[in-house]
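Coordinates in review
Residues per chain are reported as follows:
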Amino acid sequence: MKRAAAGLLFPLLLFLLLPTEGGHAWTFGVCGDSRDDARGIFPRILSTVQDSEMEFLLHLGDLERPGGPGSWEKFRRTADRLTKPLYLVIGDHELRGGTREEFVRFFGLPGTSRSFRHRDAFFVLLDNADGTLPPERLRWLDEELQAHPKGKEGLRFLVVAMHYPPRTDELFPHGTGKEYEKQSAALLPILQHRKVDLLLAAHEHLHHVEDWGGIRILVTGGAGAPMYPFQPFGFYRVRLEEGRVREEFLRIRAEPPRPGPQSGLRRRFAPSLVPCS
């Protein structure tokens, strides 16, 4: 009898010790629009991520004003305090004083549109820094998502990130091309067909969460740029757990405005900036 009980106990202990779906939960940070940061917001976002369980930070573009190697060097010195991975999306201010080629070369990236995998999630970073989504970019996005479907090699989440939000019933992003509404309409069925869990964007200096035809949109542009009225500075912690995506807004209190450029730590930057494929 004792031997039989012991035989039943081992499978029970094994079941309890193995990770369940909830055990796969993990988080990352996402922010956007750190340009013109006179209140010291972005360094405190970096510190918050560094001192937390968040596994990396995804920046949705508009690093500095203007773009170009000089401004990006300032950004690099500031961001160097983060030792966790930092992924960058190109924004429209990167093209004001800089070019796509300079951006890729300066940060050592394979391209302005690229993708990477982290744990059980696949991320596609889509370049729409010029306020357009032409057919060739949408085709590339669709091919990337098609090549990495949910269920393949343990993938459970699909996330798309870009600088400009799409045009929706609730979002009217400024500075886009004249065809952007039609291009946004062409984007939606791609995201729906490939079962994308989350679309991330910035550009608008506000925070907004919306269900867009079954696609969850999260817009966050509060990493230091001047905010729209009644909008706080801050960023989001995104939690991926049990097949669901949950977001939590983390407010950053503003310091009094400071003159002059921010100083940053001067450690080597390359280990934390991840060039993704």
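First, a word on scope: everything that follows refers to the structure included in this document. (Residues numbered from 1 in each chain as written. Predicted model: local features only at pLDDT ≥ 70, side-chain atom pairs only at ≥ 80, totals over all residues. Heavy atoms only, no water.)

Focus: the sheet that holds strand β5 (residues 121-126)
Within a sheet, neighbouring strands are paired by backbone hydrogen bonds and run either parallel or antiparallel to one another. To keep it simple, the criterion reads: Strands were regarded as paired on the criterion that DSSP finds at least two bridges between them. Helix numbers and strand numbers start at the N terminus; a helix is a DSSP run of H or I with at least 4 residues, a strand a run of E with at least 2. Only the stretch in contact is used when fitting a helix axis, every axis being a line fitted to C-alpha atoms; angles between N-to-C directions are given from 0 to 180 degrees. Here, residues are in contact when the closest pair of their heavy atoms is within 4.5 Å.
Taken in spatial order, the six strands of this open sheet run β4-β5-β6-β7-β9-β8, and their pairing is mixed. Strands at the two margins of the open sheet, each flanked by one partner only, are β4 (114-118) and β8 (207-212). With direction set aside, neighbouring strand axes in the sheet form an average angle of 20 degrees. By the bridge criterion, three bridges tie strand β6 (residues 157-162) to strand β7 (residues 198-201) in an arrangement that is parallel. Note on β7: the bridge partner recorded for V160 is L199. In this fold helix α5 (residues 135-147) packs onto β4, β5 and β6, with an angle of close to 170 degrees to the strand it touches most, β5. Sitting on the sheet, helix α6 (residues 180-193) touches β6, β7, β8 and β9 (215-220), and the angle it makes with β8 is about 65 degrees.

A short note on the sheet that holds strand β3 (residues 86-88)
Pairing is mixed in the open sheet, where five strands are placed in the order β3-β2-β1-β10-β11. Looking at strand neighbours, the two that pair on one side only are β3 and β11 (244-251), the edges of this open sheet. Averaged over neighbouring strand pairs, the angle between their axes works out to 25 degrees when direction is ignored. Judged from the three bridges that link them, strand β1 (residues 26-31) and strand β2 (residues 57-59) form a sheet pairing that is parallel.

Examining the pattern of salt bridges
Rule in force here: Think of a salt bridge as a Lys or Arg side-chain nitrogen and an Asp or Glu carboxyl oxygen that are within 4 Å of each other. Only protein chains enter the accessibility calculation, which uses a 1.4 Å probe. A residue is then buried if its area is under 20% of the maximum for its type, exposed if over 50%, and partly exposed in between.
The tally for this structure, following the rule as stated, stands at 18 salt bridges. A salt bridge links E53 to R237, with the shortest nitrogen-to-oxygen separation between them at 3.4 Å. Here R237 lies in strand β10 (residues 234-241) and E53 lies in the loop between α2 (41-50) and β2, a separation of 184 residues in the sequence. Residue class for E53 comes out partly exposed when judged on its relative accessible area of 43%. Since its relative accessible area comes to 19%, R237 is described here as buried.

Regarding α5
For clarity, the threshold we go by: Take the residue count of a helix, subtract one, and multiply by 1.5 Å to get its expected span. Arc, as used here, means the arc of the directions from the helix axis to the C-beta atoms.
For α5, with 13 residues, the first-to-last C-alpha span of 18 Å sits near the 18 Å given by 1.5 Å per residue. The set of residues buried in α5 consists of R137, L138, L141, E144 and L145. For α5, the angular spread of the buried residues around the axis is 120 degrees, confining them to a single face. Contacts from the buried residues of α5 go to α4 (100-107), β4, β5, β6 and α6.

Focus: the nonpolar core
Across soluble globular proteins, nonpolar side chains show a tendency to be buried alongside one another. Threshold: For our purposes a nonpolar core is just a set of buried Ala, Val, Leu, Ile, Met, Phe, Trp, Tyr and Cys residues, chained together by side-chain atoms within 4.5 Å.
Residues F42, I45, L57, F75, F103, F107 and F235 are the most contacted members of the largest nonpolar core, which totals 28 residues. For this core, the secondary-structure elements that each account for two or more residues are α2, α3 (69-79), β3 and α4. With five residues, the single largest contributor to this core is α2. The contacts of F42, once residues within four sequence positions are left out, are C31, S34, D37, L57, H59, F75, T78, A79 and A223. Counting residues in each nonpolar core, the second largest holds 26 residues, with M162, L199, I215 and I217 among its members.

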